[in-house]
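Spelled out, the chains give:
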Amino acid sequence: MIDHDVLVIGGGLSGLRAALEAKFSGADVAIISKVYPIRSHSGAAQGGINASLGSDDSWKAHALDTVKGSDYLADQDTVEILCREAPERVIEMENWGTNFSRKDDGTIAQRPFGGAGFPRTCYAGDRTGHNLLHTLYEQVLKNKIKVYSEWLVTKLLVENGKCAGSVALNTANSEMDAFRAKATILATGGYGRIYQRSTNAIINRGSGIALAYMAGVPLQDMEFVQFHPTTLWDTNILITEGARGEGGYLYNKDHERFMANYAADAMELAPRDIVARAIQTEIDERRGFPGGYVQLDITHLGKEKINKRLPGIRQISIDFAGIDPVQEPIPVQPGQHYSMGGVSSNKDGETPLPGLYAVGECACISVHGANRLGGNSLLDTVVFGKRAGGAAAEYVKTVENQADEILIDALKNEQQRIEEMMGEGGENFAELRDELRAIMQEYVGVFRNREKLEHAVEAIRELKERGKELRVKNNSSVFNFELMNAIELKGMLELGHVIALGALVREESRGAHYRTDFPERDDENWLKHTLACFKPKGPELDYREVTIDRFQPERRAY
Amino acid sequence: MVTLKIKRQDGDRTWFDHFEVEEKTGMTVLEALFHVQERQDGSLCFRYSCRGAVCGSCAMLINKVPRLACRTQVANVKDEADDEPKDGVAAVKQSEKDEDKNEILIEPLPNQKVIRDLIVDMDHFYSLVDSVRPWIDSQDREPEKVTLMEPSTQEQLERYTNCILCATCHGACPAAARDGNYLGPAALAKAWRFYLDPRSRDKDRDELLELLDSESGVWGCDVVYKCVAVCPKKVTPTPAILELRKKME
């Protein structure tokens, strides 16, 4: 058995920031991650991190943009914290060594992003996530925080109404161990890979969200799935919103800047949900290019500016599409990008289960509501990562450890569950996974309706039944990826079910959730958060009021 | 069809396996490896994460050149043996591949202990990087203020902050091959990045130079630029090493 006061699951930005704060607050903290922390998906974030640093900007303006962008589903008290604490967190990252791009006067440069009334997005070229991730990892090294790399957590332990720790599998040798922790912080990122087309890393399978769900913790607003408007055609590698922020144009096959028909004022800098629907409409109505894409043109920015502000985008286009955006437009299509929903948690990352915290993309602290603005997710990780780490360190002073036997029993049960997944015959993970991803893409995508969603719910139910017969044929104990995939697929099926069912029941259109059969936002009936609880028969849905204080809901226009 | 000739290792046993994969336009070596792992042999193991050349997980030796499997197109490497050396790095010799073209030779990254198949033990590499104390010590700073930095300094730093620690440079380095204690290109590039950084303290800079002034530090480099040639992020460790040497002279 392994013992720590605080165990952080996940080594991306929010996990590293949480661990640092817990350490600063005096707790014995460790990080457990299924990859090395610097391989986390945070490193793929390109565009930037929002903070109202400008003298003519303010946290209130940032908060209004965020709330409006969220289609009024964000809780305004948590949005206030996000925007108020933003400058402090960004300046802290700068002091720790992040290589932010600079203005001529030496201060941090900021670029415009969609849905924002001010160029508020601080950036490090188009490799902002990479720079932030390495900076935090460097600080974790400096502060000598213990990291268990390449361990997959398979279960959270709940005892006497508290989270008592977890069971994890060491992927290097398939041995399992119990981790006793007075507080556990989930920071495991999103579930993008349950969709066929996703900008996410291959490892983003929502495993932490599924852990909390199976432990009885409610998931919130899972039907709100962000589709990024501009992902590279076919491979769906992210093409940052910064490309539009720097002045890129979107064209259909008739060389028409079609955004004029969807958001005449904001044009390409409308929020992501609006641009994604615009592009998908162009493609669906046969104004896209053969193969299903439109063009993102940045050629007019010139080689020098592209090399300076968007060097990563240039390289990605050359490596993965054989196109140099200095000379040719980039072929783009919408793809799954971000999970607005996640484990229900509050301003300090506390979930309804004492001892369990959730931060970053795996959490729903409800700052993004129905649609996240670009530049707010990196901000979310450091603001709430810090808060959760501090809160967890305080909490552990008030609780006792659980007895050894409880953890040893849980470990044995979990070993047995995994053992039963091994064997010949049965279902294969890759087949079930591919079917799930196809269903999500086709029926729970940018445009939804009752018929599609009913089909999805039914099809996922069937996949879950087949999932019970999942068998792992490879019996190697050293890096058994088939086993890891099978374990994570079980969670992916659960999350797919929650998303599809939540989307089916929510009969309105709000932010990223767009129902062709209910195209209007319906505040009277649906200005509320969805909560989904695990039940053996399928998710049980409940609803909770949205916190509205400063900004009354208005119609969104851009 | 393309054939992947993959070096396997399990405990003390090493061997080569051949897998036929149906080639698709734009297919990367990583995708081809997934095809093998998911449809032909579930026991094949290799690391992966982002598939977009930003995380650094999937570094391996492809036709004798260290590279990221995710950004290497099958079409570009399947008949590479006949090509001229690329970027100054000699590719596989014909004799080391089977006669048949359309074959890609895949091996684990050199200069590291192999755990199994294409997975190497990265701990030694990371410990070398960590030994240069790669971080800013912000103890004496005013954390509420932004450090002002010239855009040109930022750009100079950027060349080195782009490093993803994939270890392809380490796999290509002849000095690392002969001396396990040699800090290697990634660690030395990282050291230069922190030396350059205006946020570093003078005290830390002095200590860093002292630490690197040895045969396992900057003087171990052969100055053959192999690390520069293979870097997927265009980081340039050799010039960094030469700059560090100058500071010591």
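What you see as residue numbers is a count from 1 along each chain, following the sequence as written. Labels follow written order: the first chain is A, the first ligand is 1, and so on. pLDDT decides what is reported in this predicted model: residues at 70 or higher carry local features, side-chain atom pairs at 80 or more are listed and counted, and totals for whole chains, interfaces and linings draw on all residues regardless. Processing note: side-chain calculations cover all non-hydrogen atoms of the structure and skip hydrogens and water entirely.

Asks: Describe the overall build of chain A, and please don't skip the residues or the numbers.
Replies: Helix and strand assignments follow DSSP, with helices taken as H or I runs no shorter than four residues and strands as E runs no shorter than two, numbered in order from the N terminus. Of regular secondary structure, chain A possesses 16 helices and 19 strands. In terms of its C-alpha atoms, chain A occupies a principal-axis envelope of roughly 65 × 50 × 50 Å. Each residue's exposure class comes from its accessible area (1.4 Å probe, protein chains only) as a fraction of the maximum for that residue type: buried when under 20%, exposed when over 50%, partly exposed otherwise. The 558 residues of chain A split such that 68% are buried. Accessible areas in this description were obtained via Shrake-Rupley with a 1.4 Å probe; residue shielding takes into account the shown protein chains only. When the accessible surface of chain A is split by element, carbon and sulfur atoms take 46% of a total near 18200 Å².

Asks: Please give an account of unusual backbone geometry that cites residues and values.
Replies: In terms of backbone geometry, most residues other than glycine have negative phi values and most peptide bonds are trans. All names here are of chain B. Positive phi, close to 60°, is recorded for Arg51, a residue that is not glycine. Within the fold, Arg51 resides in the loop between helix H1 (29-39) and strand E3 (59-62). In this structure Arg51 comes out as buried when scored by relative accessible area, which is 13%. The phi dihedral of Asp117 falls on the positive side, at around 45°, and the residue is not glycine. The topology assignment puts Asp117 in the loop between strand E6 (114-116) and strand E7 (119-120). When its relative accessible area of 1% is taken as the criterion, Asp117 is described as buried.

Asks: Please give an account of the side chain of Gln280(A) that cites residues and values.
Replies: Here Gln280(A) shows up in helix H8 (residues 272-284). Since its relative accessible area comes to 15%, Gln280(A) is described here as buried.

Asks: Describe in detail the domain arrangement of chain B, supporting the description with residues and values.
Replies: All names here are of chain B. A domain assignment, automatic or from a database, supplies the domain bounds used here. Considered domain by domain, chain B is made up of domain 1 (2-116) and domain 2 (121-247). If you average the C-alpha positions of domain 1 and of domain 2, the two centres end up 28 Å apart. Each partner contributes residues to the interface: domain 1 has 19 residues there, and domain 2 has 17 residues. Buried area is a sum: the accessible area each of two parts loses on coming together, probed at 1.4 Å, counted once for each and added. Both faces combined, the contact of domain 1 with domain 2 buries some 1400 Å², and carbon together with sulfur accounts for 57% of it. The three residues of domain 1 that bury the most area against domain 2 are Pro66, Asn111 and Gln112, which together make up 37% of that side's buried surface. Any carboxyl oxygen of Asp or Glu within 4 Å of a side-chain nitrogen of Lys or Arg constitutes a salt bridge here. The interface formed by domain 1 and domain 2 holds 1 salt bridge in total. Taking the shortest distance from any N to any O, the salt bridge between Lys113 and Asp121 comes out at 3.8 Å. We define a polar contact as two N or O atoms separated by no more than 3.5 Å, with the added condition that, inside protein, one atom must be a possible hydrogen donor and the other a possible acceptor, whereas residues neighbouring each other in sequence contribute only through side-chain atom pairs. The interface formed by domain 1 and domain 2 contains 4 residue pairs in polar contact (both at pLDDT 80 or more). Counting residues per element, the side of domain 1 that touches domain 2 draws most heavily on strand E4 (residues 65-68), at 4 residues. Here the residues of the side of domain 1 that touches domain 2 sort into 11 nonpolar, 3 polar and 5 charged. Only heavy atoms enter the contact rule, under which two residues are in contact if any of them lie within 4.5 Å. Three residue categories are used. Nonpolar comprises Ala, Val, Leu, Ile, Met, Phe, Trp, Tyr, Cys and Pro, charged comprises Asp, Glu, Lys and Arg, and polar comprises the others, including Gly.

Asks: Give a description of the environment of Leu105(B) that names residues and reports values.
Replies: Residues and elements named next belong to chain B. If you trace the backbone, Leu105 turns up in strand E5 (residues 103-107). A relative accessible area of 2% means that Leu105 is categorised as buried. For the pair formed by Leu105 and Ala53, sequence separation is 52 residues and the distance between their alpha carbons is 20 Å.

Asks: Describe the interface of chain A and chain B, naming the residues involved and giving the relevant values.
Replies: Listed by partner, the interface residues are 58 residues for chain A and 62 residues for chain B. Approximately 4900 Å² of surface area, both sides summed, lies buried where chain A meets chain B, with 48% of it carried by carbon and sulfur atoms. When the buried area of chain A at its contact with chain B is split by residue, Arg39(A), Asn95(A) and Asn99(A) rank highest and sum to 15% of it. As a salt-bridge pair, Asp434(A) and Arg39(B) come within 3.0 Å of each other at their nearest N and O atoms. Seen at the junction of chain A and chain B, the total is 36 residue pairs in polar contact (both at pLDDT 80 or more). The set of elements that each furnish at least two residues to the side of chain A that touches chain B consists of helix H4 (86-95), helix H5 (128-142), helix H10 (311-321), helix H13 (429-443) and helix H15 (481-505) of chain A. Considering each element in turn, the side of chain A that touches chain B owes the most residues, 7 residues, to H5(A). The residue makeup of the side of chain A that touches chain B, split by class, is 18 nonpolar, 23 polar and 17 charged.

Asks: Report on H5(A), specifying residues and quantitative values.
Replies: Multiplying 1.5 Å by the helix residue count minus one yields the expected span of that helix. Helix length check: H5(A), at 15 residues, gives a terminal C-alpha distance of 21 Å against a target of 21 Å (1.5 Å per residue), a fit within 8%. Looking one or two residues past H5(A), Lys144(A) carries a phi angle of roughly 50°, positive in sign.

Asks: Before we move on, could you go through the packing of aromatic side chains and cite the residues and values that matter?
Replies: Here the aromatic set is Phe, Tyr and Trp, taking the six-membered ring for Trp, and pairing holds for ring centres within 6.5 Å; pairs whose planes are under 30 degrees apart are stacked, those over 60 apart are edge-to-face, and all others are tilted. A full pass over the atoms with the stated rule returns 21 aromatic pairs over all chains. Measuring from ring centre to ring centre gives 6.2 Å for Tyr249(A) and Tyr251(A), while their planes differ by 75°; the resulting arrangement is edge-to-face. When its relative accessible area of 27% is taken as the criterion, Tyr249(A) is described as partly exposed. Judged by its relative accessible area of 12%, Tyr251(A) is buried. Ring centres 6.1 Å apart and planes at 15° place the aromatic pair Phe479(A) and Phe481(A) in the stacked group. Across the pair, exposure class does not vary: Phe479(A) and Phe481(A) are buried alike. Grouping aromatic residues by their ring pairs yields a cluster made of Phe479(A), Phe481(A), Phe34(B), Phe46(B) and Tyr48(B). Ring-over charges, as used throughout, are those where CZ of Arg or NZ of Lys falls within 6 Å of the ring centre and within 35 degrees of the ring normal. Above the ring of Phe194(B), the side-chain terminus of Arg193(B) is found at 4.0 Å from the ring centroid.

Asks: Break down the UniProt feature "domain: FAD-dependent oxidoreductase 2 FAD-binding" (unreviewed entry) in chain A for me, citing the residues and quoting the values.
Replies: Mapped onto this numbering, the UniProt entry gives "domain: FAD-dependent oxidoreductase 2 FAD-binding" (unreviewed entry) at residues 5-378 of chain A. Helix makes up 28% of residues 5-378 of chain A and strand 23%, and the two end C-alpha atoms of the span are 26 Å apart. UniProt positions are given in the numbering used here, feature names are shortened, and annotations may be inferred rather than shown by experiment.

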